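As a plain string of letters, each chain reads:
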Amino acid sequence: MREHLLGRTPRLTGYFCGIAVGLALLVAGLEAARTVFGSEFSPTVFTVYAAVGVLGGLLLSFVAGYLNGSVLASWAAGTVPLAGQLGPVLVEESLREVGLSAVGAVGGGVLLGSVGFAIAVEKHRRDAKTADLPDPPTRADLLGILVVSAVLGGSMLGVAAAL
């Protein structure tokens, strides 16, 4: 399980996580600035905005999972688009609310990142037949990772929603 958590090279996992945290802070800051300056989106524009963010997070988590085989890096990359929900909370709410929103964003990121990781593993499995790649996780390992991701992400979202 350690191999799948930290990936083939833990240093690269650290780089991916660092980049994801930086991007998440950038997204939260941009959302906070948008909130301060009072720019509101119409429902249609907001839907497109959210869809682009989720697809971007899915792509980032896929890349992190495919290049390094790390579910931790995929979780961190999945958190990037969901960090946008911290923007309005950073501007208007207390530190407790910011913490709860951060837990919710990380929980959603774990769920989104696990989907990207699962897609990356299946792509890796398909590419390993024709290329000289290390063995991908078995389907049983992947199922275990997805169950752990669902429990972790769901419990974090539950904590954020309940409090």
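Residues numbered from 1 in each chain as written. Predicted model: local features only at pLDDT ≥ 70, side-chain atom pairs only at ≥ 80, totals over all residues. Heavy atoms only, no water.

1. Notes on the confidence of the model for the protein
Next up, step 1: For the protein, mean pLDDT is 89; residues scoring 70 or higher make up 100% of the total.
Next up, step 2: When pLDDT is averaged over each element of the protein, helix α4 (residues 71–82) comes out on top at 93 and helix α1 (residues 2–6) at the bottom at 82. (pLDDT = per-residue confidence, 0-100. Helix = DSSP H or I, 4+ residues; strand = E, 2+ residues; numbered from the N terminus.)

2. A few points about the side chain of Arg34
Next up, step 1: Its location among the elements puts Arg34 in helix α2 (residues 10–36).
Next up, step 2: For Arg34, a relative accessible area of 18% puts it in the buried group.
Next up, step 3: Here Arg34 is in contact with Ser39, Glu40 and Phe41, once residues within four sequence places are set aside. (Buried < 20%, exposed > 50% of the residue type's maximum accessible area, 1.4 Å probe, protein only. Contact = heavy atoms within 4.5 Å.)

3. Section: the environment of Gly14
Next up, step 1: Looking at where Gly14 falls in the secondary structure, it is placed in helix α2.
Next up, step 2: Judged by its relative accessible area of 41%, Gly14 falls in the partly exposed class.
Next up, step 3: For Gly14 and Leu72, which are 58 residues apart along the polypeptide, the C-alpha to C-alpha distance reads 9.2 Å.

4. Comments concerning the packing of aromatic side chains
Next up, step 1: Tallied over the full model, the rule gives one aromatic pair.
Next up, step 2: Taking the centre distance of 5.8 Å and the plane angle of 15° together, the rings of Phe62 and Tyr66 count as stacked. Of this pair, Phe62 and Tyr66 both sit in helix α3 (residues 43–68), separated by four residues, roughly a single helical turn.
Next up, step 3: Residue Phe62 is classed as partly exposed on the basis of its relative accessible area, which comes to 22%.
Next up, step 4: What makes Tyr66 partly exposed here is its relative accessible area of 22%. (Phe/Tyr/Trp six-rings, centres within 6.5 Å; stacked < 30°, edge-to-face > 60°.)

5. Observations concerning the nonpolar core
Most often, soluble globular proteins keep nonpolar side chains buried together rather than apart.
Next up, step 1: Formed by Val71, Trp75, Val110, Phe117, Ala118, Val121, Leu142 and Ile145, the largest nonpolar core amounts to eight residues.
Next up, step 2: Looking at this core, the elements that each hand over two or more residues are α4, α6 (95–128) and α7 (139–162).
Next up, step 3: Here the element with the most residues in this core is α6; it accounts for four residues.
Next up, step 4: Not counting residues up to four positions away in its chain, the partners in contact with Val121 are Pro136, Pro137 and Leu142.
Next up, step 5: The next biggest cluster of nonpolar side chains, apart from the first, holds seven residues, and it includes Ala20, Ala73, Ala76 and Val80. (Core = buried A, V, L, I, M, F, W, Y, C linked by side-chain atoms within 4.5 Å.)

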